[in-house]
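A structural walkthrough
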Amino acid sequence: MTATAQVDNSLDAILVNLGDFGKYQIYVFSLVCVAVVMHSMVHIAYVFTAMDLNYRCQIPGCDSTNNSTYATPWLRNAIPYTNDSPEKCSMYPSFRNETGLRNCTADSFNRNKVKGCESFVYQSLEKTIVTEYNLQCDNNLWKLTLVGTINNIGQFFGLIISGFLSDRYGRREVLVWGIVICGICGCIRALMPTYEWFLFFEFLDAAFGSGSYICGFVLGVELVGPKKRVLTGTIISSCYAVGEIAVAVVAWIVKSWKTLIFISYLPSLFLISYLWIIPESIRWHLSKGRTEEAKITLKKLARVNGKEISDKELQVLDSVVAVLTSGGLEKPKNSAMQALKSSILMIRLVACCFCWITCTFLFYGLTLNSVALVAGNNYLDFILTSLVEIPAYFVCNFIVEKYGRKKTLLFSYLLTGTACLTFVFIPTASRWGSLTVYLLGKFGATASFTILYVLTSEMFPTNLRHSFMGTCSTFGRIGSMISPQTPLLAQLWESLPLISFSAMSILAGLLTMIFPETLHKKLPDTVKEAENIGNVIPMGTIETDISMNQQNVLKKY
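Quick look at the structure, then. Sequence positions are assigned chain by chain, starting from 1 and proceeding in written order. Per-residue local features are limited, in this predicted model, to residues with pLDDT of at least 70; the limit for side-chain atom pairs, both in listing and counting, is 80 or more; totals at the level of whole chains, interfaces and linings are taken over all residues. Side-chain calculation: all heavy atoms of the structure are included, whereas hydrogens and water are not.

Observations concerning the side chain of Ser268
For the purposes of this entry, the term helix denotes a DSSP run of H or I that reaches at least four residues, the term strand denotes a run of E that reaches at least two, and both are numbered from the N terminus. The topology assignment puts Ser268 in the loop between helix 11 (257-265) and helix 12 (274-277). Here a polar contact means two N or O atoms within 3.5 Å. Within protein one must be a hydrogen donor candidate and the other an acceptor candidate, and residues neighboring in sequence count only if both atoms are side-chain atoms. In this structure the side chain of Ser268 is engaged in a polar contact, spanning 2.4 Å, whose partner is the backbone oxygen of Tyr265. In this analysis, two residues are considered to be in contact whenever any of their non-hydrogen atoms come within 4.5 Å of each other. With residues up to four places along the chain from it excluded, the contact list for Ser268 reads Met38, Ile179, Val180 and Gly183.

Comments concerning the packing of helix 18 (residues 378-387) against helix 21 (residues 431-458)
The description of two packed helices rests on the angle between their axes and on the distance between the axes. Note on method: axes are straight lines fitted to C-alpha atoms, helices fitted across the in-contact stretch only, with angles between N-to-C directions ranging 0 to 180 degrees. Remark: helix 18 packs on helix 21, axes separated minimally by 9 Å, with the N-to-C direction vectors making an angle of 35°. In this structure, helix 18 meets helix 21 at a crossing whose hand is right-handed. Contact with helix 18, carried on its side by Leu380, Asp381, Leu384, Thr385 and Ser386, involves Arg431, Trp432, Leu435, Tyr438, Leu439 and Lys442 of helix 21 and no other residues of that element. Only Asp, Glu, Lys and Arg are considered charged in this grouping, and only Ala, Val, Leu, Ile, Met, Phe, Trp, Tyr, Cys and Pro are considered nonpolar; every other residue, Gly among them, is considered polar. A breakdown of the residues in the contact of helix 18 with helix 21 according to their chemical character gives 6 nonpolar, 2 polar and 3 charged. Crossings are assigned a handedness: left-handed for a near helix turned anticlockwise from the far helix by less than a right angle, right-handed for a clockwise turn.

Here we look at the nonpolar core
Here the nonpolar core consists of buried residues drawn from Ala, Val, Leu, Ile, Met, Phe, Trp, Tyr and Cys, with membership extended through side-chain atoms lying within 4.5 Å. Categorising residues by exposure relies on relative accessible area from a 1.4 Å probe, with only protein chains included: less than 20% of the type maximum marks a residue as buried, more than 50% marks it as exposed, and the intermediate range marks it as partly exposed. With 99 residues, the main nonpolar core has Phe48, Ile59, Ile129 and Leu298 as its most contacted residues. Once residues within four sequence positions are removed from consideration, Phe48 is found in contact with Thr128, Val247, Ala248, Ala251, Leu260, Val371, Tyr379 and Phe382. Within the second largest apolar cluster, 45 residues are counted, among which are Cys359, Cys420, Ala447 and Cys472.

Observations regarding the environment of Ala78
The residue Ala78 is located in helix 4 (residues 75-78) in this model. Ala78 gets classed as buried once you look at its relative accessible area, which sits at 0%. Along the backbone, Ala78 and Gln58 are 20 residues apart, and their C-alpha atoms lie at a distance of 9.7 Å. When neighbours within four sequence positions are excluded, Ala78 is seen to be in contact with Ile59, Met91, Tyr92 and Phe109.

Quick word on the packing of aromatic side chains
A pair of Phe, Tyr and Trp rings is counted when the ring centres sit within 6.5 Å of each other, with Trp represented by its six-membered ring. The angle between the planes then sorts it: under 30 degrees is stacked, over 60 is edge-to-face, the rest tilted. Summed over the entire model, instances satisfying the criterion amount to 22 aromatic pairs. Following the ring pairs from residue to residue traces out a cluster consisting of Phe48, Trp252, Tyr379 and Phe382. In this structure, Lys143 packs its charged tip against the face of Tyr195, placed 5.9 Å from the ring centre. The rule is short: NZ of Lys or CZ of Arg within 6 Å of the ring centre and within 35 degrees of the ring normal puts a charge over the ring.

A short note on helix 19 (residues 389-403)
Compared with an ideal rise of 1.5 Å per residue, which puts 15 residues at 21 Å, helix 19 spans 20 Å between its outermost C-alpha atoms and is within 8% of the ideal. A residue's bend is simply the angle between two axes: one fitted to the seven residues ending at it, one to the seven starting at it. Taken as a whole, helix 19 carries its principal kink of about 35° at Cys396. Those residues of helix 19 lying buried are Glu389, Ala392, Tyr393, Cys396, Asn397 and Val400. Looking at the residues trailing helix 19, positive phi occurs at Gly404, about 90°. Take the residue count of a helix, subtract one, and multiply by 1.5 Å to get its expected span.

Description of the state of the cysteines
Pairs of cysteine sulfur atoms within 2.5 Å are what we label disulfides. Applying the stated criterion across every chain yields a total of 3 disulfides. Note on cysteine connectivity: Cys57 is disulfide-linked to Cys117, with sulfurs 2.1 Å apart. Disulfide Cys57-Cys117: the torsion about the S-S bond is -65°, which places it as left-handed. Of the two residues, Cys57 sits in strand 1 (residues 55-57) while Cys117 sits in the loop between strand 3 (85-86) and strand 4 (120-122), which places them 60 residues apart along the sequence. Looking at Cys57, the relative accessible area reads 0%, which means it is buried. Across a sulfur-sulfur distance of 1.9 Å, Cys89 and Cys137 are joined as a disulfide pair. Looking down the S-S bond of the Cys89 and Cys137 bridge, the torsion is -110°, so its handedness is left-handed. Of this pair, Cys89 sits in the loop between strand 3 and strand 4 while Cys137 sits in the loop between helix 5 (129-132) and helix 6 (141-169), and the two are 48 residues apart along the sequence.

Digging into helix 6
Over its 29 residues, helix 6 runs 41 Å from end to end, which matches the ideal 42 Å to within 8%, given 1.5 Å per residue. Where helix 6 bends most, the angle comes to about 25°, and this point is Gly158. Downstream of helix 6 by a residue or two, Gly170 has a phi angle that is positive, lying close to 115°.

Concerning the side chain of Ser434
Among the secondary structure elements, Ser434 is positioned in helix 21. Beyond its immediate sequence surroundings of up to four residues, Ser434 is in contact with Phe423 and Ile426.

Quick look at the environment of His39
Examined against the element boundaries, His39 turns out to sit in helix 2 (residues 23-44). Distance from His39 to Ser212, taken between C-alpha atoms, is 7.3 Å for residues 173 residues apart in sequence.

Things to note about unusual backbone geometry
In the Ramachandran plot, Asn134 falls in the positive-phi region, its phi being about 55° despite a non-glycine side chain. Note that Asn134 resides in the loop between helix 5 and helix 6. The phi dihedral of Lys255 is positive, around 50°, even though this residue is not glycine. Exposure remark for Lys255: the relative accessible area of 29% places this residue in the partly exposed category.

Here it is, written out as structure tokens:
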């Protein structure tokens, strides 16, 4: 057994004695959940700050300069219609002078020609960066979708740096300072005079806040006993969905991107108080040989929970940490070359990378497109699309143990693919029918992402498990980077985004046939064991060394 495993087992035994989920853990966990909700709000706010709006050309001589109505009886005389809606940036040229157009009849306009417009009339009082930076019309749509891509690129680089900082300076420090600096950058972004400066601070905002979610998860989950980690992991995942819902509700109420940013970002500045009111990760302290700090936290935990912790229990940690810090860790064997020579593992790795790209593409793509593809109230559609994540998290905890990883992953992909394809053929007038099918697709995308984390963590050898998962996760970022660009596909064909979701999910589902079933199988320690994992004798209800929910929550990043 490695020194790390000894630390984990010793600490777990202490936590069980002190209470798996006592008053102190509930207190800290609740604060972490608040931070997760705040992080989720600022992470997803760009969906509404860069949301496209409904508008049309302002018709000189017909529209009032100061008080124009979006829908008027004469509008079809002046503007071409597509799918029973006025075109956003086209109008018919007039035959007469502006002063002679007060009646705005059909014979006032040359309906054989179309021209662009210089000013616009908006359907509602909503304000996004469309109005702030004059990003109207299809030729500027890429500037709106670019905001989401820049956000994900910022997260990509931020995760690399935050991982190093978290290991070096602690989980609490990265959680707090990441969200606080993110909040500062977000507020500054709302004051930027140009689109380019807005994008720059969008990148910084995402980069600084990217690692906060994972650190919050670690702080919350590592403080509870082994039996409560599944529950706490699921709750934290659900808190991310709560944050998505919260920012949609705020956006729905204020309908102003600047107000939305200030309401979402300013509260995050108060999280600096966490430096004094929540503890650092006990396991991080032990990994750094800072046993005294870990003991202080454990003693406080015992006192608040009404338990006692003996000096003998604490001395066990002293001896194990001494081994850990003196280089007593078992060194992994260099099996990388063996894995590279293994056609089984390489095929499995390539298929896994594609599945990760698909998962991020589906998860974020369906979330972002809910404000544009589903007819109806954009805010309500987004709320429902986020809300469906919560049952998906809880359901996955049961179905993967009953039906296995491989079958449930295949079913989840096929559910998403079928739902997206079905959505294309549902009449636009069937509001709730189309929304129900869309939500089924999001349910499947959330479930497939959750299950893929588990399967990836269980089918590769121990010495390469982390690096292979890191490789898959890195490739997975490709999906989250390109998903904000899917609205551009709708310019070619309105149903093309959903067709692309369906095609990729079905293909990924077929690729899952390559994977082995890992339910109740011993985790492979060597390349040979990984190759033959399908033939390993079942180990009953053996627990994996990587909790499903510990992996599940990382999907946001």
